Amino acid sequence: MKTKPTIHKRAAAGLEKQRRLSPAPKPTAAPLPRPAVVPQRAGAERIASRRALPPARSPLGPPGGACGAGGGGWPEMAAAGLALQRYLLLLAQEHLEFRLPEITSLLSLCGGQFSSQQEVCVNSPFWILNIPSEEMARGLMRRTVCAKSIFELWGHGRSAGELYASLKNYPTDKMLPYLQPDSTYKIHIHTFNKTLTQAQKIKKIDALEFLPFSGKVNLKNPEHIFWILEDYGMDPNNVPEEPFDLYFGRWIADGQRELIESYSIKKRHFIGNTSMDACLSFVMANHGRVKPNDIVYDPFVGTGGLLISSAHFGAYVCGTDIDYNTIHGLGKASRKNQKWRGPDENIRANLRQYGLEKYYLDALVSDSSRPIWRKGTLFDAIITDPPYGIREATRRTGSQKESVKSSERSTENHIIISSSYHLSDIFFDLLKFAAEYLVMGGRLVYWLPIYRPEYTEEIVPRHPCLKLISNCEQMLSSHTSRRLITMEKVKEFKHQPRLHEQQHNQESRGSFHAHCGLFAGSTLCFH
């Protein structure tokens, strides 16, 4: 690629002024800030002292807004005269339904909002977002696992001519800080659904000679990276000659896609039959708006996979499970060619593996249908994957009268007497628990198994204290799926609901109970 010998005439006057300014910082993503760590104490003490924890810097931008100390947020930024800059978000073509709720949740985490003005096609890998600041854009990428990269959008068109006209209309004063003579840069070309030859790429780069580049090309370690992105549609069997959309922008930051590999359950010490995929674990934490110093709880903790993603984002984590062997890392192993679990296979060892043990409060043997916690709001988020009765049984504690034969004896001579726990009861008990123990604005994120031929949104369990935020489907077969449900607490819990609320709950429970009966007839495996 050749560089321009002189600066474009229309940029010359502004460039002389910019030379006197300090050069722009390199667009590297800042590391995720870690919260202040409280001394190691018993789990109950830490939960009791949760409000005394020092405030942590928001992982999505500067202090203030919903995560900072000063309230504020998007309306205040707009009122202060902050113009919204257009950014291009490049997304991974995986878990398509989960992407919009994740991006929306992360923007709201720092006081932003996802407005109706955003240019989003849900299935497309290219979204144009209006964001108040580059810092917020960087913060978004410090959390998302659904997006690959974000760019400051300089030009957009449906043809090469439209793109060039858009670039010529982009304010020169916004370009010049990144086009200094003493700076280095490179131009990268990304195409979706089509592969270009090297000659075609060079031709497209050379066509941008009208831009006032005056620095030196450095392909290995440039200060500034510019991208040409082209969208050739979604149909791999009908690829057009020319792209449907073209974009040009300055690279800002990459997302956290590398977490999917580094936290892969294939490399994890302690796993079970239903351990959650690493990508979906981080998606759930983002849907739950988990942030540093939060208390996050999983009432069906299993091997603790969902605790790990929350702890990675600086939250203190705890959980309960009715299975004594799983909590204590005893019994048969889930891995192939391994008969028994080893001495280092437990939840604490999992967090220690990733350097997150300091965020681990505890895991207790407990029945989720009979809460053990003191009354009051204890948790900032409840993130869980309840058993569906397929690979893991749905159980609750019982009595000798209920089932004498159901006694089970573990390797530690620990006796559990359990009785059946209907699938619909699990979810209604979970919602009631969340309504009672979540802080106001806290979120419940959980998986709901669905029999697709009979599914309607009305059968999703509801509670008057919880607002449905998102409902995303993961297909499992032609007639079964599971849905990731995100709910937010918007109303204080009352132990005695009004009569009409009781009637509504009974009707909702009845319809969902019938739906669970249909689902139970399916013999498909969910994980």
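Everything below is about the structure shown above.
Residues take numbers from 1 onward in each chain, read along the sequence in its written order. Local features in a predicted model are, by the rule used here, given only for residues with pLDDT of at least 70; side-chain atom pairs are given and counted only at 80 or more, and totals for whole chains, interfaces and linings are based on all residues. Heavy atoms from the whole structure form the basis of all side-chain values; hydrogens and water molecules are not counted.

Enquirer: In this structure, what is going on with the overall build of the protein? I would like to understand it.
Expert: Where helices and strands are cited, they refer to DSSP runs of H or I of at least four residues and of E of at least two residues respectively, numbered from the N terminus. Across its full length, the protein holds 15 helices and 18 strands. Expressed as a percentage of the 527 residues in the protein, the buried residues total 53%. In the protein, 76% of the contacts between residues at least 6 apart in sequence involve partners at least 24 apart. As displayed, the protein has an accessible area near 24,200 Å², and 52% of this comes from carbon and sulfur atoms. When a residue's accessible area, from a 1.4 Å probe over protein chains only, is under 20% of the maximum for its type it is buried; when over 50% it is exposed; and in between it is partly exposed. Contact definition: two residues touch when any of their heavy atoms are within 4.5 Å. Here the accessible surface of atoms and residues is derived via Shrake-Rupley with a 1.4 Å probe, and residues count as covered only by protein chains that are part of the display.

Enquirer: Which parts of the structure should I look at to understand the environment of Leu 246?
Expert: Checked against the element boundaries, Leu 246 lands in strand β7 (residues 245-254). On the accessibility criterion, Leu 246 (6% relative accessible area) is buried. Considering only alpha carbons, one finds Leu 246 and His 156, 90 residues apart in sequence, at a separation of 5.7 Å.

Enquirer: Would you take a moment to explain the packing of helix α4 (residues 96-109) against helix α10 (residues 278-287) for this structure?
Expert: Helix-helix packing is characterised by the crossing angle of the two axes and by the distance between the axes. Working convention: axes come from line fits to C-alpha atoms, limited for helices to the stretch in contact. Angles between N-to-C directions cover 0 to 180 degrees. In the contact formed by α4 and α10, the axes pass within 8 Å of each other and the chain directions differ by 45 degrees. Regarding the angle of α4 to α10, the classification is oblique. The way α4 lies across α10 gives a crossing that is left-handed. Across the interface between the two elements, Phe 98, Pro 101, Glu 102, Ser 105 and Leu 106 from α4 touch Val 283, Asn 286 and His 287 from α10. Taken together, the residues of the contact of α4 with α10 break down into four nonpolar, three polar and one charged. Here the angle decides the label: under 35 degrees means roughly parallel, over 145 means roughly antiparallel, 65 to 115 means roughly perpendicular, and every other value means oblique. With the far helix as reference, a near helix turned anticlockwise by less than a right angle produces a left-handed crossing, and one turned clockwise produces a right-handed crossing. The nonpolar class holds Ala, Val, Leu, Ile, Met, Phe, Trp, Tyr, Cys and Pro. Asp, Glu, Lys and Arg form the charged class, and all remaining residues, Gly among them, are polar.

Enquirer: Can you help me understand the side chain of Thr 320 in this one?
Expert: Mapped onto the elements, Thr 320 comes out in strand β9 (residues 316-321). N or O atoms closer than or at 3.5 Å make up a polar contact, with two conditions inside protein: a donor-capable atom paired with an acceptor-capable one, and, for residues adjacent in sequence, both atoms drawn from side chains. At 2.7 Å, the side chain of Thr 320 and the side chain of Tyr 297 are in polar contact. Among all residues touching Thr 320, those that are not within four sequence positions of it are Tyr 297, Asp 298, Pro 299, Phe 300, Val 301, Ile 327, Leu 364, Ser 366, Ile 372 and Trp 373.

Enquirer: What is the right way to look at the packing of aromatic side chains in this model?
Expert: Pairing of aromatic side chains requires ring centres within 6.5 Å, counting the rings of Phe and Tyr and the six-membered ring of Trp. Pairs whose planes differ by under 30 degrees are stacked, by over 60 edge-to-face, and all others tilted. Scanning the model with the defined rule gives 23 aromatic pairs in all. Ring geometry for Tyr 263 versus Tyr 354: centroids 4.4 Å apart, planes at 25 degrees, classification stacked. Of this pair, Tyr 263 sits in the loop between α9 (258-262) and α10 while Tyr 354 sits in the loop between α13 (347-353) and β10 (360-365); the two residues are 91 residues apart in sequence, bridging distant segments of the chain. The exposure class assigned to Tyr 263 is buried, which follows from its relative accessible area of 6%.

Enquirer: Quick question: what am I supposed to make of the sheet that holds β7 here?
Expert: Pairing between sheet strands relies on hydrogen bonds along the backbone, with the strands arranged either parallel or antiparallel. Here seven strands make up an open sheet; going across it, the order is β2-β1-β3-β7-β6-β4-β5 and the pairing mixed. What marks the edges here is a single partner per strand, and that holds for β2 (126-131) and β5 (216-217). In this sheet, strand β3 (residues 147-157) lies alongside strand β1 (residues 85-91) in antiparallel orientation, the contact comprising five bridges. Bridged to Leu 88 within β3 is Phe 151. Sheet contacts for helix α5 (residues 134-141): β1, β2, β3 and β7; angle to β3, the most-contacted strand, approximately 145 degrees. Across the sheet, helix α6 (residues 160-169) lies against β3 and β7, angled at about 85 degrees from β3, the strand it touches most. Two strands qualify as a pair provided DSSP detects at least 2 bridges between them.

Enquirer: How should the pattern of salt bridges be read in this particular structure?
Expert: When the charged atoms of two side chains lie near each other, side chains of opposite charge can form a pair. The term salt bridge refers to a side-chain nitrogen of Lys or Arg lying within 4 Å of a carboxyl oxygen of Asp or Glu. A complete count under the given rule lists 19 salt bridges for this structure. A salt bridge links Arg 289 to Glu 488; the shortest N-O distance between them is 3.3 Å. Remark: Glu 488 occurs in strand β18 (residues 480-489) and Arg 289 occurs in the loop between α10 and β8 (295-298); sequence separation between them is 199 residues. Each member of the pair, Arg 289 together with Glu 488, is buried.

Enquirer: How do you make sense of the sheet that holds strand β16 (residues 438-451) when you look at a structure like this?
Expert: Sheet architecture is open: seven strands sit in the order β10-β9-β8-β11-β16-β18-β17, paired in mixed fashion. Looking at which strands have only one partner, the edges of the open sheet turn out to be β10 and β17 (466-475). Strand-to-strand twist in this sheet, taken as the mean axis angle between neighbours without regard to direction, amounts to 15 degrees. As judged from the four bridges shared by β8 and β9, these two strands associate in the parallel manner. Residue Asp 298 lies in a different strand from β9, and its bridge partner there is Gly 319. The sheet contacts of α4 involve β16, β17 and β18, and relative to β17 the element is tilted by about 145 degrees. Sheet contacts for helix α11 (residues 305-312): β8, β9, β10 and β11 (379-384); angle to β9, the most-contacted strand, approximately 170 degrees.

Enquirer: What am I meant to see in the environment of Pro 171 here?
Expert: Within the secondary structure layout, Pro 171 lies in the loop between α6 and α7 (172-175). For Pro 171, a relative accessible area of 34% translates into the label partly exposed. Separated by 17 residues in sequence, Pro 171 and Trp 154 place their C-alpha atoms 8.8 Å apart.

Enquirer: In this structure, what is going on with the packing of α10 against α11? I would like to understand it.
Expert: Closest axis-to-axis distance for the α10/α11 pair is 9 Å, and the angle between their directions is 60 degrees. In terms of orientation, α10 and α11 fall into the oblique class. For the element pair α10 and α11, the recorded crossing hand is right-handed. For the pair formed by α10 and α11, the contact residues are Ser 281, Phe 282, Met 284 and Ala 285 on the first element and Gly 305, Leu 306, Ser 309, Ser 310 and His 312 on the second. Its residues assigned to classes, the contact of α10 with α11 comprises four nonpolar, five polar and no charged.

Enquirer: Help me understand the nonpolar core, please; the structure alone is not making it clear to me.
Expert: Among soluble globular proteins, nonpolar side chains are generally buried collectively. For this analysis, a nonpolar core means a set of buried residues of the types Ala, Val, Leu, Ile, Met, Phe, Trp, Tyr and Cys, connected via side-chain atoms within 4.5 Å. With 71 residues, the main nonpolar core has Ile 347, Phe 379, Ile 382, Leu 444 and Tyr 446 as its most contacted residues. Here the element with the most residues in this core is helix α14 (residues 423-437); it accounts for nine residues. The contacts of Ile 382, once residues within four sequence positions are left out, are Tyr 297, Pro 299, Leu 430, Phe 433, Ala 434, Leu 438, Arg 443, Leu 444 and Val 445. Counting 21 residues, the second largest nonpolar core, distinct from the first, contains Tyr 178, Ile 189, Phe 213 and Ile 228.

Enquirer: What is the right way to read unusual backbone geometry from this model?
Expert: The phi torsion of most residues other than glycine is negative, and most of the peptide bonds are trans. With a phi close to 75 degrees, Asn 193 is a non-glycine residue in the positive phi region. In this fold, Asn 193 is placed in the loop between β4 (184-192) and α8 (198-206). Its relative accessible area of 23% is what places Asn 193 among the partly exposed residues. Positive phi is not limited to glycine here, since Arg 289 has a value of about 55 degrees.

Enquirer: I tried to follow the pairing of β17 on my own but got confused; where do I start?
Expert: Remark: a regular strand shows side chains that alternate across the two faces of the sheet. As paired elements, β17 and β18 share nine bridges and run antiparallel to each other. Each bridged residue has a counterpart across the sheet, and for Gln 474 the counterpart in β18 is Arg 482. Remark: four residues form the turn of the hairpin made by β17 and β18, two consecutive strands paired antiparallel.

Honestly, it's all geometry; don't read function into it.
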